Amino acid sequence: MPSFRNLFNRFLAATESLFDRIRRRFRKPLRRTTGIRIVPYRGFGNGAGLFLKGRVVRNPFEAKVRERESPWRNLRATYRRFLTSEVPGVEVQLRWGESLHIATTDDEGYFVFELEALPEQPKSPMVWHRTELNLVTRTADEPTATFAEILMPPTTARFGVISDIDDTVLVSDVTRRLRMLQLALFRSARTRLPFAGVAAFYRALQKGSSLGEFNPVFYVSSSPWNLYDMLVDFLQHQKIPAGPLLLRDIGVSRTVAAGSPHLAHKSVQIKHIMEMYPTLPFILIGDSGQHDPEIYQQAVMDYPDRILAIYIRDVSQPKRDMAVQTIISSLAVRSVPMFLVPDTLTAAQHAAANGWITADSLS
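Residues numbered from 1 in each chain as written. Predicted model: local features only at pLDDT ≥ 70, side-chain atom pairs only at ≥ 80, totals over all residues. Heavy atoms only, no water.

**Quick word on the overall build of the protein**
Here is step 1: The helix and strand inventory of the protein stands at 10 helices and 14 strands.
Here is step 2: Counting over 363 residues, the protein shows a buried share of 52%.
Here is step 3: If you take every contact in the protein between residues at least 6 apart in sequence, the share linking residues at least 24 apart comes to 73%.
Here is step 4: Accessible area of the protein: about 17,700 Å², with a carbon and sulfur share of 56%. (Helix = DSSP H or I, 4+ residues; strand = E, 2+ residues; numbered from the N terminus. Buried < 20%, exposed > 50% of the residue type's maximum accessible area, 1.4 Å probe, protein only. Contact = heavy atoms within 4.5 Å. Areas by Shrake-Rupley, 256 points an atom, 1.4 Å probe, with all protein chains shown as cover.)

Following this line, the structure appears as structure tokens:
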């Protein structure tokens, strides 16, 4: 039976598709190329290759960041995020050093660069690199360039972190339907709350326990790309480490069997990250509300000896907890610790005991 969240996402997808068809039907030909903008998402690479995704849209919604906002204004902002006017079939140019690469947007306006052999290595030791994006065919009212951020973890990284967002970092109450809707529709990036201790724990993991260490953090979520700007602002406002966000296109999910999009999307993105950094071990963080334990269990099967630990925040009922405990027992045989934790501190204490964060950071 479809979960409430999948039904909600499918409703949003159908609504977005309906408005797209209406706009395309009545859009004036003379205004076809006006107001087009490139919206890049944070990418990541390993020095030899990189992955970058983004979207080309017409007059994208730009939220005004305010500390306080009325619920109705937040509802309007959420509504406008899903009324995207994507631009299919246009070419986007990426500049990396002296080399140029071209990608074409799909029916939903998304473009993807997957470069496996960069002709030039990064010239800077910085963790974040900027790359220039341009439309191949521009009009006078469009900016000459857009810049995207690419994460290139340094050689000092001892491990990486892959984390869910909803009910892992961000309080979402996915298991309580009306409460989830209230938070998603009527709250903003400045009024949504993280779980206690998350910001400090993730900063400690990124910093590690040795001098000069920098461990990359990746966020894999089934939330739609339409919420990207809100999630980025939320992480920045709460001082949670920046990292690539790998979200989902709800425009595709409505055609997939119920229940499978969440599992398939996260599994694919985890595989993508693991294969980008084939020698780097990872810590996985999620929650018990949906399928994170099962997804992470599969990651252990696919990448044995590369998962250091799995922390699952307990947000579910006893029946679900029993199912998670069964997975925990199966992974114990493989010497991979998975913990069903009641709070962030419990996970942090285990990380400190294993030398992944400093003991001082527990305070």
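Moving on, there is more to tell.
**Here's the deal with the environment of D321**
Here is step 1: Relative to the helices and strands, D321 is located in helix α9 (residues 318-332).
Here is step 2: Looking at D321, the relative accessible area reads 14%, which means it is buried.
Here is step 3: Separated by 19 residues in sequence, D321 and L340 place their C-alpha atoms 8.1 Å apart.
Here is step 4: Look past the residues within four positions of D321 in its chain and what remains in contact with it is S288, D314, S316 and L340.
Here is step 5: There is a polar contact of 2.7 Å between the side chain of D321 and the side chain of S316. (Polar contact = N/O pair within 3.5 Å; in protein donor to acceptor, adjacent residues only side chain to side chain.)

**Structural notes on the nonpolar core**
Here is step 1: By size, the foremost hydrophobic cluster in this structure holds 37 residues, and its most contacted members are F201, Y202, L205, Y219, I240, L245 and Y311.
Here is step 2: When contributions to this core are tallied by element, the ones reaching two or more residues are α4 (198-207), β10 (217-224), α5 (228-237), β11 (245-248), β12 (282-287), β13 (307-313) and α10 (344-353).
Here is step 3: Excluding its chain neighbours within four sequence positions, the residues that come into contact with L245 are R42, I165, Y219, W225, Y228, L231, V232 and L235.
Here is step 4: F51, M274, I312 and I328 belong to the second-largest nonpolar core, a separate cluster that totals 33 residues. (Core = buried A, V, L, I, M, F, W, Y, C linked by side-chain atoms within 4.5 Å.)

**Examining the packing of helix α8 (residues 292-302) against α9**
Here is step 1: Taken N-terminus to C-terminus, the directions of α8 and α9 make an angle of 10°; their axes are 10 Å apart at the nearest point. It follows from the interaxial angle that α8 and α9 lie roughly parallel. Counted together, P293, E294, Q297, V300 and M301 of α8 and R320, V324, I327, S330 and L331 of α9 form the full contact between these two elements.
Here is step 2: Tallied by class, residues from the contact of α8 with α9 come to six nonpolar, two polar and two charged. (Axes fitted to C-alpha atoms, helices over the stretch in contact; angles between N-to-C directions. Parallel < 35°, antiparallel > 145°, perpendicular 65-115°, else oblique. Nonpolar A, V, L, I, M, F, W, Y, C, P; charged D, E, K, R; others polar.)

**A short note on α5**
Here is step 1: In terms of residue burial, α5 counts as a mostly covered element, since seven of its 10 residues are buried.
Here is step 2: Within α5, the full set of buried residues consists of Y228, M230, L231, V232, D233, F234 and L235.
Here is step 3: Of the residues one or two after α5, K239 is the one with positive phi, at around 60°.

**Re the pattern of salt bridges**
Here is step 1: Counted by the stated rule, this structure contains seven salt bridges.
Here is step 2: For E108, the salt bridge goes to R55, with nearest N and O atoms at 3.4 Å. Highlighted residues: E108 in the loop between β5 (99-104) and β6 (110-115) and R55 in strand β3 (residues 50-58), separated in sequence by 53 residues. In terms of burial, E108 and R55 fall into one category: buried.
Here is step 3: Between E294 and R320 there is a salt bridge, with its nearest N and O atoms 2.8 Å apart. With E294 in helix α8 and R320 in helix α9, the pair connects residues that are 26 residues apart, well separated along the chain. (Salt bridge = Lys/Arg side-chain N within 4 Å of Asp/Glu carboxyl O.)

Function-wise, these values are silent; they only describe arrangement.
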